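Below, each chain spelled out in residue letters.
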Amino acid sequence: MILEAKNIRKSFGTLEVLKGVDFSVAEGEVVAIMGASGAGKSTLLQILGTLLTPDSGNLTVEGTDVLHLGGKALSAFRNRRIGFVFQAHHLLPEFTALENVMIPALIGGKDSKSARLQALELLQTVGLQDRTTHKPSELSGGEQQRVAIARSLINKPAILFADEPTGNLDSRTKEEIHRLFFDLRKQLGQTIVIVTHDAGLAELCDRTCILQDGAWL
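All of these numbers come straight from a predicted model, not from anything done at the bench. (Residues numbered from 1 in each chain as written. Predicted model: local features only at pLDDT ≥ 70, side-chain atom pairs only at ≥ 80, totals over all residues. Heavy atoms only, no water.)

Novice: Explanation requested: unusual backbone geometry in the structure shown.
Specialist: In terms of backbone geometry, most residues other than glycine have negative phi values and most peptide bonds are trans. A positive phi angle is found at asparagine 7, which is not glycine, with a value near 55 degrees. Within the fold, asparagine 7 resides in strand β1 (residues 3-12). Phi at lysine 156 takes a positive value of approximately 50 degrees, unusual for a residue other than glycine. Looking at where lysine 156 falls in the secondary structure, it is placed in the loop between α5 (141-153) and β7 (159-163). (Helix = DSSP H or I, 4+ residues; strand = E, 2+ residues; numbered from the N terminus.)

Now the structure itself:
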């Protein structure tokens, strides 16, 4: 397994959000996590992606015990091995599509020329080779999300986490983004974990896990 989480617990004040959750994903697998609002889906995804620390439990990614990494080491690991796509694109408005995609690579220490070439390849992969010089305000919502997906892949992460990645998109664009995730699995062998309310997207995935009140159904 490329990721294994065991007995993950998380509370906010007196509210127990995750109640001893186990989760694992194999390399190249696409897994959907579903559940009603407040079930703990996004909290679990943030813990699996090392953005949030659980109160207790164990988490390994590619055999690394990530919960015992220090601040800088954890940030470096996250930058290199984990990718994120959120419902909001979080693109930097003053930069072009190409520059937005390059940023994580530059943060990771890659030289500008290599980062640029890799970003151009990824923008071609997501169908935006003609939009590289456009800023986010000049792109549609679907195009912005494609840029965000390309950005998430620039450091060749072991796992891509997507939190409601098509929640803000119209039905046609939503289906295009859904297909893109599976194209990425086919082309890159990408492992993907997706939190979604979209039953159509979940049906496309290899398996679907459903959270209810902080535990699996």
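There is more to say, and it comes next.
Novice: Looking at this model, I keep getting lost on the nonpolar core. Mind explaining?
Specialist: Proteins that are soluble and globular tend to have nonpolar side chains buried together. Of all hydrophobic cores here, the largest spans 36 residues; its most connected members are Val101, Leu123, Val126, Val147, Ile149, Phe181 and Ile194. Listed in part, the 30 residues of the second largest apolar core include Leu18, Leu44, Val66 and Val193. (Core = buried A, V, L, I, M, F, W, Y, C linked by side-chain atoms within 4.5 Å. Buried < 20%, exposed > 50% of the residue type's maximum accessible area, 1.4 Å probe, protein only.)

Novice: It is not clear to me how the pairing of strand β9 (residues 207-212) should be interpreted in this structure. Could you clarify?
Specialist: Both strand β3 (residues 30-34) and β9 contribute to a ladder of four bridges, which runs parallel. Paired with isoleucine 33 across the two strands is cysteine 209, which belongs to β9. Examined bridge by bridge, β9 and strand β10 (residues 215-216) share two bridges and lie antiparallel to one another. In the strand pairing of β10, glutamine 212 is matched with alanine 215. (Pairing = 2+ DSSP bridges.)

Novice: Which parts of the structure should I look at to understand the packing of α5 against helix α6 (residues 171-188)?
Specialist: Packed helix pairs are specified by the crossing angle of their axes together with the interaxial distance, meaning the distance between the axes. Orientation of α5 relative to α6, taken along the N-to-C sense of each, is 20 degrees, at an axis distance of 10 Å. By the angle class used here, α5 and α6 are roughly parallel. Regarding α5 and α6, the two cross each other, and that crossing is right-handed. Note on element contacts: α6 touches α5 through Thr173, Glu176, Ile177, Leu180, Phe181, Leu184 and Leu188, opposite Gly142, Gln145, Arg146, Ile149 and Leu153. Broken down by class, the residue content of the contact of α5 with α6 amounts to seven nonpolar, three polar and two charged. (Axes fitted to C-alpha atoms, helices over the stretch in contact; angles between N-to-C directions. Parallel < 35°, antiparallel > 145°, perpendicular 65-115°, else oblique. Left-handed = near helix turned anticlockwise from the far one by under 90°. Contact = heavy atoms within 4.5 Å. Nonpolar A, V, L, I, M, F, W, Y, C, P; charged D, E, K, R; others polar.)

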